[in-house]
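Listed here are the chains, written in short residue letters.
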Amino acid sequence: MDRTILLRVQDLRTRFHTPEGTIYAVNGISYKLGEGETLAVVGESGCGKSVSMMSILGLIPIPPGEIASGSALYQGRDLLQMTDAELEQVRGKEIAMIFQDPMTALNPVLTIGRQITEVLERHMGMNHQQAHLRAVELLEMVGIPSAAARLRDYPHQFSGGMRQRVMIAMALSCLPSILIADEPTTALDVTIQAQIVELVIRLREQVGLAMIWITHDLGVVAGLADRVNVMYAGFIVEEAPVDDLYDNPRHPYTLALLAALPRVDRRRDRRLKSIPGAPPNLLVEPHGCPFAPRCEFVIERCRAETPPLTPVAPGHQIACWVDIDTGAAR
Amino acid sequence: MSVTDEAIAIAPRFAADELEAPPLTLRQLTWRRFRRHKMAMFGTMMLVLLIFYSFAGALFFTEDYANLTDTSLRLQPPSREHPFGTDTVGRDILARTIYGGQISLLIGLTAMLVEVIVGVLIGAIAGYYGGWLDALLMRFTEAVFVIPSIFLLIVMAKTFGTEIPDLSLLGRTFSGSVIVVVLIIGLTSWMYLARIVRAQFISLKEREFILAARATGTPAWQIIWGHILPNTMAPIIVSATLSIAAAILSESYISFLGMGVQPPTATWGNMLQTASSDFTKIQNAPWFWVFPGLLIVLTVLSINFVGDGLRDALDPRSRAA
Amino acid sequence: MNQPEHPLVIVEHLTKHFPITRGIVIQRRVGAVQAVDDVSFTIARGETLGLVGESGCGKTTVGRTMLGLYPATSGTVLIDGHNVHTAKGRELMAVRRKAQIIFQDPFASLNPRWTVGAIVSEPIRVHKLYGSARERAERVQELLELVGLNRRLINRFPHEFSGGQRQRIGIARALASEPLFIVCDEPISALDVSIQAQVVNLLEDLQDRLGLTYLFIAHDLSMVRHICTRVAVMYLGVIVELADRNELYENPLHPYTRSLLSAVPVPDPKAARQRQRIVLEGDVPSPINPPGGCRFHTRCPIAVARCAGERPAWRELGSHHFVACHRA
């Protein structure tokens, strides 16, 4: 699919320096995001999915954080080289981000109306009248009933699902080209999650938005993403179009993850396959394939050399030395 | 929690299945943080010196010497035989500060114990059981709280002051009024701690590990003593430390007013009292009140520094190690 | 699945309201959170009953009230013949031995100042199950191995373990009193996907080996389908549907169950695209002031006038398939 590439990340490495040692949170990831595309970043806790996004937007405190290497090209400019002032122009206006807990992003002592209009006035240069009208439009767009009245309410007067809608409204208020969503529905009930996902799909079509959706939930990903990056221990281990990933997973970790999921739409046919061992110790500099200690297909080479991402099918790459069908080296 | 905090928290330190050396225990972590607090370390050193002064100093002077009156030597300024001078009846002030220090420090410690026992008991019961028992205990606490403490001290001192005979303990004889003073101070200062302990109990009572203990069938007193109390130690320790200083000051107040420890037993507080009985003495014989006063100030300050250091070191939210 | 004559657990018309009071000196009752309202079900020996619903539906309150951790506002709970809320002394201790609980939060459910050994041995000590300290220690080590932990970790503290390992410690503690019945209150919700599978497999193994009975409280409908034999669906304090596992998922009768099932994401992009989603409007009403009649009528896509006025009866439609709905 020939899309314009909006964001190109190359070899990003992020570390944290703590009294107990250095945490190797992100270890050289590269990917691209095309216009109008939805990229899902999937992984369990500690895999680096959130940290990698925060690094791009300059939201990692330095110190203790450190962006050891990498570039993130957005419209020809490297976000990682920008000053705070320049990043502030990009954040919110061109690349918006929404989080798992809207309460941390919303100011509890200001009304929702004030918070939205402030952003509109600052970034879009509207006057108060225009900003107010636009704020009402935005709340209606995300499906909040009695939008005009609700502008006078405070964040705590909204339910979890409503707050997340407000966050989406605020994020979209400046017509960004990219929306980064960090586990926005993880804390929500299943029916509310479905509402939000529905909303996001509708808005995506309306506005032509490119999205990066970070989650651990492989179910949500299946319904939302165009492409998927699977992360483990700060590496991208598999990258594929969504249909390919579920039909034909090629990395042992992805395979194991899918085998560990129960299904709501099928009868139980066997025990869940659990992954033996424990998540890796991020305090140790990665050497070899990070998944090697827990992998059932491991060979000698896996422990010695870190596999790079290499293609296995069109648009489909894995970081693995082994072919899972044959068990032999690739 | 910010993403950074989360990233740092989630990174597993080691897999407990591998039996490497465990990371620092809570106690070691607390000590490390305490060590960094310069004022607290200074306070600790001062305190150690003061305790050494009062207890090892007794090796140089006998108690009899401290109580030895010799009116021919009265009101002498500091000299080589009497480095702190002598008082109105010719007693050596240096020796008296040593023995007085023992009593003052002892009073501080034991009053703190009374206060902690009463405060924790009331706070724990009120916090754990709630309901009418809580309401009753708290109204009582508030009532005692509201009465000015000095007034209480004076009234209790007057009522019970002279009832108890002298006692001997650890090779020393001292006036029974010491016990009275300890009880009075302890029983008029427990309220603050009771409130803190109650608040802690109320919040901890709903934690899941307490529900688990109840589901196991653990009896209430075991839950209070074994589960909740150990998790309340931080505010209790800090409060107890600071209350030693407060007790020493309270003792000075009531002794200064003549209603505390009775002579000949010396305390820093009642030494101040003797000094103030005549205004000319304050002016002309400053060595009377300067030395005991200085010792009180140094002790109270050191304890407060230590208390501050402990409060910071025990705060679980502080992530610096 | 046959309904047995002597189920291990019988819950009848269980109601739990939390009073809301106001006032400084004298507390006046101004309302109540109607967390659980007239809930009834039974659990057979060796069975796993799933209790699902979204936040605020009362499922956690049911689990805790059943064990007597909260006093019941009304109704009875019988575990192995003992009435949980009226039992005293020895009988209460017997109930506490036979019925245990595992919690959701692996960080809050263990006392941070106790060693793993002390935590797991507490039930053994309290119920005086083994005489000497050495026998107790041996038993604790056995339990640790049973849940897949290295027995030499007995002197470590909870903060030294990962979430999944702490959950295992919680399970070991629950097993220490040799119970018949365990309430699993969202035991895997706080864990990563790969660890969830480990813990669920462990729970199943233990059930097979020790003949345990579970009440599995969860909001993850996929996991519930995987592990449970029968499933009950709760909404705002009432059970709206109860059926055998496959029957519920393949033939849901209550409109809430239907919309809940359609909202669960499925890890299959093609299926996801073809799905017919029944998306409910609005938010869950507050349990302080629940809607009258059928509690679901305010969001129900097929509600009629009757639903607002009359509370639906609990009826059996089909073999062991119960529903509370006027339209089913």
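Quick note: structure is the one above.
Our focus in this paragraph is the packing of helix α6 (residues 131-146) of chain B against helix α9 (residues 191-205) of chain B. All names here are of chain B. The contact between α6 and α9 brings their axes to 9 Å, and the two run at 145°. Crossing handedness for the pair α6 and α9: left-handed. Mapping the contact onto sequence places Thr141, Val144 and Phe145 in α6 and Met191, Ala194 and Arg195 in α9. Broken down by class, the residue content of the contact of α6 with α9 amounts to four nonpolar, one polar and one charged.

A word on the interface of chain B and chain C. On the chain C side, the residues contacting the 20 residues of chain B number 28 residues. A per-element tally of the side of chain B that touches chain C places helix α10 (residues 208-216) of chain B first, with eight residues. Broken down by class, the residue content of the side of chain B that touches chain C amounts to eleven nonpolar, five polar and four charged.

Moving on, we come to the packing of helix α3 (residues 116-126) of chain C against helix α4 (residues 133-146) of chain C. Residues and elements named next belong to chain C. Packing of α3 against α4 brings their axes to within 9 Å, and their N-to-C directions diverge by 115°. In terms of crossing hand, the pair formed by α3 and α4 is right-handed. Along the contact surface, α3 presents Gly117, Val120, Ser121, Ile124 and Arg125, while α4 presents Arg136, Ala137, Arg139, Val140, Leu143 and Leu144. When its residues are assigned to classes, the contact of α3 with α4 shows six nonpolar, two polar and three charged.

Moving on, we come to the environment of A:Cys320. All names here are of chain A. By the secondary structure assignment, Cys320 is in the segment after β12 (316-318). Along the chain, Cys320 and Glu137 lie 183 residues apart, while their C-alpha atoms are 49 Å from each other. Apart from the residues lying within four places of it in its own chain, the contact partners of Cys320 are His251, Pro252 and Pro307.

Quick look at the pairing of strand β8 (residues 213-218) of chain C now. All names here are of chain C. Among the six residues in β8, six count as buried, and that is most of the element. Here β8 shows two buried faces, one formed by Thr213, Leu215 and Ile217 and the other by Tyr214, Phe216 and Ala218. Relative to β8, strand β3 (residues 48-52) runs parallel, the two sharing five bridges. Paired with Thr48 across the strands is Tyr214, a residue of β8.

The first and last C-alpha atoms of helix α5 (residues 93-129) of chain B sit 52 Å apart over 37 residues, in line with the 54 Å expected at 1.5 Å per residue. For α5(B), the tally of buried residues reaches 27 of 37 residues, placing the bulk of the element in the interior.

Residue and element names in this part refer to chain B. The terminal C-alpha atoms of helix α3 (residues 38-56) lie 26 Å apart, and with 19 residues this matches the ideal 27 Å at 1.5 Å per residue to within 8%. Of all the positions in α3, only Ala40, Gly43 and Ser54 are classed as buried. Down the axis of α3, the buried side of the element spans an arc of 55°, and every buried residue falls inside it. Exposed positions of α3 whose direction lies more than 90 degrees from the buried face are Lys38, Val48, Leu49, Phe52 and Ala56.

The rules behind each value
- Residues numbered from 1 in each chain as written.
- Chains lettered and ligands numbered in written order.
- Predicted model: local features only at pLDDT ≥ 70, side-chain atom pairs only at ≥ 80, totals over all residues.
- Axes fitted to C-alpha atoms, helices over the stretch in contact; angles between N-to-C directions.
- Helix = DSSP H or I, 4+ residues; strand = E, 2+ residues; numbered from the N terminus.
- Left-handed = near helix turned anticlockwise from the far one by under 90°.
- Contact = placed C-beta atoms within 7 Å.
- Nonpolar A, V, L, I, M, F, W, Y, C, P; charged D, E, K, R; others polar.
- Buried ≥ 20, exposed ≤ 12 C-beta atoms within 10 Å, placed from the backbone.
- Pairing = 2+ DSSP bridges.
- Expected span 1.5 Å × (residues − 1).
- Arc of directions from axis to C-beta.

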